[in-house]
Amino acid sequence: MVPVGLLAGSAGNSLAADLGPPPPAPVIDTAVQPAWTFRFTPYGWLTAWNGTQTVRGRSVKVDASFIDIVEKSDTLVALMGDFEARFGRFALLGDVVWSRVGADRSNIRSRTLAPGVTGTLATSLGLDVEMVIAEFGVAYEVARSGPLAFDILGGARYWYQEADLSLAVTAAVDIGDLQVAGARAFARSGSVDWLDPIVGARVRYTMAPGHELFLRGDIGGLGVGSDFSWQAIGAYGFELGTYQGITFSGVIGYRALSVDYAQGEGRRRYEFDMIQHGPILGLSMRF
């Protein structure tokens, strides 16, 4: 007689053999998966202007510092903000600038005689420009070496402008299509807008935890929109602290933006060939 225990053991061994080896334990991926992060930076851009503005065929040369513009502008506070949403190597970019700036006759001078004006016309009294610059695009991190990252970017830059050029009338004149108010004649552009495609690159360098250096350059237009435009930005960000899950950082830097745009001929000509440049100061919020 075969012991019952032996029979049970034999049956168990046969069943185990039929079932095969147990399946391997599942592998749990403990690597941190990328997640969306967002950064919003309201900032101020203390711009100076250097270039040429043409309104209805009347051209003036502009050379105005930020202090000159503040003293003349009707609006001293502009609306400016930068936004970035990042997921792994990809990032969505956006930037908006709204401003109303002006320069008086001490900072602008006549470049061409106003067409259609006979009689005596003094130098230009002032230039006022209301402007919106909106950028949107994408960036992709193509290389990284330790604290250094290199991105390429592409997108578009939208421009909207309304310019008023005021001229001092010192004698009885035939002013053609100009609008007259007292002793001043106005050339008004009306609404002008265009869209520039842009391509560029940027470098991000983490100097130390919470301290980042940022460099960006791009070009645009190339006959599609403006004749040509370029931009260069250098900035330094430093963490101030975290509050309710939002990391706050101060941002200081310098930005230069140049564009050469023209449309129309004769009295319909509008041209904005200008470099806007100056320091930037901002507060970044990352979450």
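Residues numbered from 1 in each chain as written. Predicted model: local features only at pLDDT ≥ 70, side-chain atom pairs only at ≥ 80, totals over all residues. Heavy atoms only, no water.

Q: Looking at this model, I keep getting lost on the overall build of the chain. Mind explaining?
A: Looking only at helices and strands, one finds two helices and 15 strands in the chain. When each of the 287 residues of the chain is scored for burial, the buried share is 37%. Intrachain contacts of the chain at a sequence separation of at least 6 include 68% that bridge at least 24 residues. Surface summary for the chain: the accessible area is close to 15,400 Å², and the carbon and sulfur share equals 64%. (Helix = DSSP H or I, 4+ residues; strand = E, 2+ residues; numbered from the N terminus. Buried < 20%, exposed > 50% of the residue type's maximum accessible area, 1.4 Å probe, protein only. Contact = heavy atoms within 4.5 Å. Areas by Shrake-Rupley, 256 points an atom, 1.4 Å probe, with all protein chains shown as cover.)

Q: Would you mind going over the packing of aromatic side chains with me for this structure?
A: Between two aromatic rings, the relevant description is the distance of the centres plus the angle of the planes. All chains considered together, the criterion is met by 10 aromatic pairs. For the pair tryptophan 49 and phenylalanine 272, a centre-to-centre distance of 5.7 Å together with 80° between the ring planes defines the contact as edge-to-face. Separated by 223 residues along the polypeptide, tryptophan 49 in strand 2 (residues 48–55) and phenylalanine 272 in strand 15 (residues 270–286) bring together distant segments of the chain. Each member of the pair, tryptophan 49 as well as phenylalanine 272, carries the same accessibility label: buried. Every member of this aromatic cluster is reached through a ring pair, and the members are Trp36, Phe38, Phe83, Phe87 and Phe287. Residue placement shows arginine 255 over the ring face of tryptophan 45; its charged tip is 4.5 Å from the ring centre. (Phe/Tyr/Trp six-rings, centres within 6.5 Å; stacked < 30°, edge-to-face > 60°. Lys NZ or Arg CZ within 6 Å of the ring centre and 35° of its normal.)

Q: Is there a simple way to think about the pairing of strand 3 (residues 58–64) in this case?
A: Residues in a regular strand point their side chains to alternate faces of the sheet. Burial analysis of strand 3 places five of its seven residues in the buried class, which makes it a mostly covered element. Sheet topology note: the strand 2/strand 3 ladder contains seven bridges and is antiparallel. By the bridge assignment for strand 3, asparagine 50 is matched with aspartate 63. Between strand 2 and the antiparallel strand that follows it, strand 3, lie two residues; arginine 56 among them carries a positive phi value of about 50°. (Pairing = 2+ DSSP bridges.)

Q: Help me out: how do you make sense of the pattern of salt bridges in this one?
A: Once the charged atoms of two side chains with opposite charge are near each other, the side chains can pair. As enumerated under the stated definition, the model contains 17 salt bridges in all. Here glutamate 135 makes a salt bridge to arginine 216, at a shortest N to O gap of 3.4 Å. Here glutamate 135, found in strand 7 (residues 121–145), pairs with arginine 216, found in strand 12 (residues 211–220); they are 81 residues apart in sequence, far enough to count as distant. Between aspartate 151 and arginine 204 there is a salt bridge, with its nearest N and O atoms 2.9 Å apart. Highlighted residues: aspartate 151 in strand 8 (residues 148–169) and arginine 204 in strand 11 (residues 192–208), separated in sequence by 53 residues. Residue aspartate 151 shares its accessibility class with arginine 204, and that shared class is buried. Where salt bridges share partners, they join Glu84, Arg86, Glu141, Arg144, Asp151, Arg202 and Arg204 into one cluster. (Salt bridge = Lys/Arg side-chain N within 4 Å of Asp/Glu carboxyl O.)

Read these as spatial facts, not as claims about activity.
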